[in-house]
Amino acid sequence: FGLLGPMAETGATLQNTNNELVKCIEELRERRAEADRMIMKEEEEKARVVHELQILTERLKRLDEGLNKKYAARAEYDKAITETENAFGKILESSKTLLHVLRRESQSLKTKVTE
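These lines cover the structure that appears in this document, whether it is placed above or below. (Residues numbered from 1 in each chain as written. Predicted model: local features only at pLDDT ≥ 70, side-chain atom pairs only at ≥ 80, totals over all residues. Heavy atoms only, no water.)

## Here's the deal with the overall build of the protein
- Within the protein, the secondary structure is distributed over one helix and zero strands.
- In terms of C-alpha radius of gyration, the protein reaches 49 Å, well past the compact-globule figure of 13 Å for 115 residues.
- Over its C-alpha atoms, taken along the principal directions, the protein stretches across nearly 165 × 20 × 10 Å.
- Considering the protein as a whole, with its 115 residues, one finds that 1% of them fall into the buried category.
- Just so you have it, the protein exposes about 11,200 Å², and 61% of that area is on carbon and sulfur atoms.
- Between the centroid of the 21 positive side chains of the protein and the centroid of its 22 negative side chains there is a distance of 13 Å. (Helix = DSSP H or I, 4+ residues; strand = E, 2+ residues; numbered from the N terminus. Rg over C-alpha atoms; globule rule 2.2 N^0.38 Å. Buried < 20%, exposed > 50% of the residue type's maximum accessible area, 1.4 Å probe, protein only. Areas by Shrake-Rupley, 256 points an atom, 1.4 Å probe, with all protein chains shown as cover. Lys, Arg positive; Asp, Glu negative; His and termini not counted. Charge placed at Lys NZ, Arg CZ, Asp CG, Glu CD.)

Here's what the structure looks like:
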């Protein structure tokens, strides 16, 4: 019976070791499954963010295009205003000159009539 004792003990130790190994492998598989779930969740979130980014990028592009058109229109308004103000200034100066000449001629005619 003495010979079976150590063998039985070795068999029990081997069985315990096998059970521990199976338990460790199962824990690793559970951890892997949890990591897989986390990866899938983050990949879904990444896909949503990429989609939102594409939408925002397109929106930004349209806004930039609209702004560029409005900047160009504003520059044309500025140019038209400047040209009109300059022309108006010239007309005003011409009117002043004309008024001055007309007053001088009127005075000259008045002087000739009263002589």
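## Here we look at the pattern of salt bridges
- Using the criterion set out here, one finds three salt bridges in the structure.
- In this structure, Glu-58 engages Arg-62 in a salt bridge whose closest nitrogen and oxygen atoms are separated by 3.8 Å. Placement of both Glu-58 and Arg-62 in helix α1 (residues 4-114) is noted, with a separation of four residues, approximately one turn of the helix.
- For Glu-93, the salt bridge identified is with Lys-96, shortest N-O distance 3.9 Å. Pair noted here: Glu-93 and Lys-96 are both in helix α1, with a separation of three residues, about one helical turn. (Salt bridge = Lys/Arg side-chain N within 4 Å of Asp/Glu carboxyl O.)

## Description of a negative patch on the surface
- The grouping of Asp-36, Glu-42, Glu-43, Glu-44 and Glu-45 at the surface amounts to a negative patch.
- Tracing the backbone shows Glu-45 in helix α1.
- Under the relative-accessibility criterion, Glu-45 is labelled partly exposed at 44%. (Patch = residues over 30% accessible without salt bridge, like charges linked within 9 Å, V, L, I, M, F, W, Y side chains within 5 Å.)

## Brief notes about the environment of Ala-73
- Mapped onto the elements, Ala-73 comes out in helix α1.
- Assessed through its relative accessible area of 35%, Ala-73 is described here as partly exposed.

## Points about the environment of Ile-91
- Note on placement: Ile-91 falls in helix α1.
- Taking relative accessible area as the criterion, Ile-91 reaches 52% and is therefore assigned exposed.
- Linking Ile-91 and Asp-36, residues 55 residues apart in sequence, is a C-alpha distance of 81 Å.

By themselves, these are just geometric observations and shouldn't be taken as functional.
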